[in-house]
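# Examination of the molecular architecture
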Amino acid sequence: MKHEEMFNTWKRHKERIAVSIGFPERVMTHVRERQAAQQAPAVSASLLRRVVARPWAKAAVVVLGVLAGLVRIVMTLDLILRA
Amino acid sequence: MTHRFSGTFRGPACITGQMHPCAVGKMTEESDVIRRVLEGDGESFRLLVERYAGPVTRMIRNVSGDDQACEDLAQEVFLAAYEKLGTFDPRRSRFSTWLFTIARNKSVNAARKKKPLYVANPPERTGRETPEDTVARAEFLTALDRELSALPLAQRTAFVLAEFEHLPYEQIAQIEGARLGTVKSRISRARDRLMAALRRFGDAG
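On a predicted model such as this, the values are computed, not experimentally measured, just so you know.

### Overview of the overall build of chain A
- When helices and strands are counted, chain A shows three helices and one strand.
- For chain A, the succession of helices and strands along the chain, N to C, is α-β-α-α.
- Here the C-alpha radius of gyration of chain A, 30 Å, is well above what a compact globule of 83 residues would show, namely 12 Å.
- With the C-alpha coordinates of chain A rotated into their principal frame, the extents come out at 85 × 45 × 20 Å.
- Taking all 83 residues of chain A together, 11% fall into the buried category.

Structure follows, in structure tokens:
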């Protein structure tokens, strides 16, 4: 086989490619996940903006946080005392 | 199960490797698809994935020399493209140029990280071929693969884009971020080196 012919055979061989049939779906699954992740912070951001704009809402969030923390402490103490 | 993608890539192509009769129509369709994706229709991105899956995967395999991980890298390329699609400027480049630039950078990083794994399988035997011919052909394919993997990365990427993807030199220069003359010289040097390897292989056999 002549060199040029061998070179062209190699090139034709390298031009072949086999891509899995499920490849586009695999990519799209990740795209959907990223889309969902991008949309979720948008909801949180708008909610956060609304809370920040209202002093009573900010106070309510702090009180709720403190209450949740207290409830958790009580539950943990209850668990320890019962053990 | 796999699609067999054979043939060449000149601009937009699809996963089956068949060119649409109207390439200009496809380009218009492509900008429509990009606009739809940017407007929030993520599902339209599938059209771009299906069109470029073959060429992008092949380019990554041929540059990185990794037959096993090339689909994973191609997936990373498409996800990066999806995330950065808003930065794509159709006035500066074609979508294929932009996408190949991402693929080029990913495959160069992969090639730097690991040793080449891809070794060409021997071509299918024809009726006239003797077993000795088949062995000889497999050997020269392997020899050329090794030589390709040994090329400096800048030469390798330019050569792969020119010879296997059949992209015009101007487009390669854009992808490589190099001057046209530099790209031509890199491709020529890569070709000379591969031909020299082939001659050495022929003389030794």
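### Looking at the nonpolar core
Residues and elements named next belong to chain B.
- Ranked by size, the top nonpolar core spans 48 residues in total, and within it V56 and L161 carry the most contacts.
- Here this core takes nine residues from helix α2 (residues 45-64), the largest share from any one element.
- Those residues in contact with V56 that lie beyond four places of it in its chain are A74, V77, L99 and A103.

### Concerning the packing of α2(B) against helix α3 (residues 70-84) of chain B
Residue and element names in this part refer to chain B.
- Remark: α2 packs on α3, axes separated minimally by 8 Å, with the N-to-C direction vectors making an angle of 130°. Relative to α3, α2 is oriented oblique. α3 is crossed by α2, and the crossing has right-handed handedness. In contact with F45, V49, A53, V56, T57, I60, R61 and S64 of α2, α3 contributes C70, E71, L73, A74, V77, F78 and Y82.

### Some points on the confidence of the model for chain A
- Confidence along chain A averages 88 in pLDDT terms, with 95% of residues attaining 70 or more.
- Mean pLDDT across the elements of chain A bottoms out in helix α2 (residues 23-53) of chain A (84) and peaks in helix α3 (residues 55-82) of chain A (93).

### With respect to α3(B)
- Here α3(B) contains 15 residues, and its C-alpha end-to-end distance of 21 Å stays within 8% of the 21 Å for a straight helix at 1.5 Å per residue.
- Taken as a whole, α3(B) has its buried residues at B:C70, B:E71, B:L73, B:A74, B:V77, B:F78, B:A81 and B:Y82.

Quick notes on the rules
Residues numbered from 1 in each chain as written. Chains lettered and ligands numbered in written order. Predicted model: local features only at pLDDT ≥ 70, side-chain atom pairs only at ≥ 80, totals over all residues. Helix = DSSP H or I, 4+ residues; strand = E, 2+ residues; numbered from the N terminus. Rg over C-alpha atoms; globule rule 2.2 N^0.38 Å. Buried ≥ 20, exposed ≤ 12 C-beta atoms within 10 Å, placed from the backbone. Core = buried A, V, L, I, M, F, W, Y, C linked by C-beta atoms within 7 Å. Contact = placed C-beta atoms within 7 Å. Axes fitted to C-alpha atoms, helices over the stretch in contact; angles between N-to-C directions. Parallel < 35°, antiparallel > 145°, perpendicular 65-115°, else oblique. Left-handed = near helix turned anticlockwise from the far one by under 90°. pLDDT = per-residue confidence, 0-100. Expected span 1.5 Å × (residues − 1).

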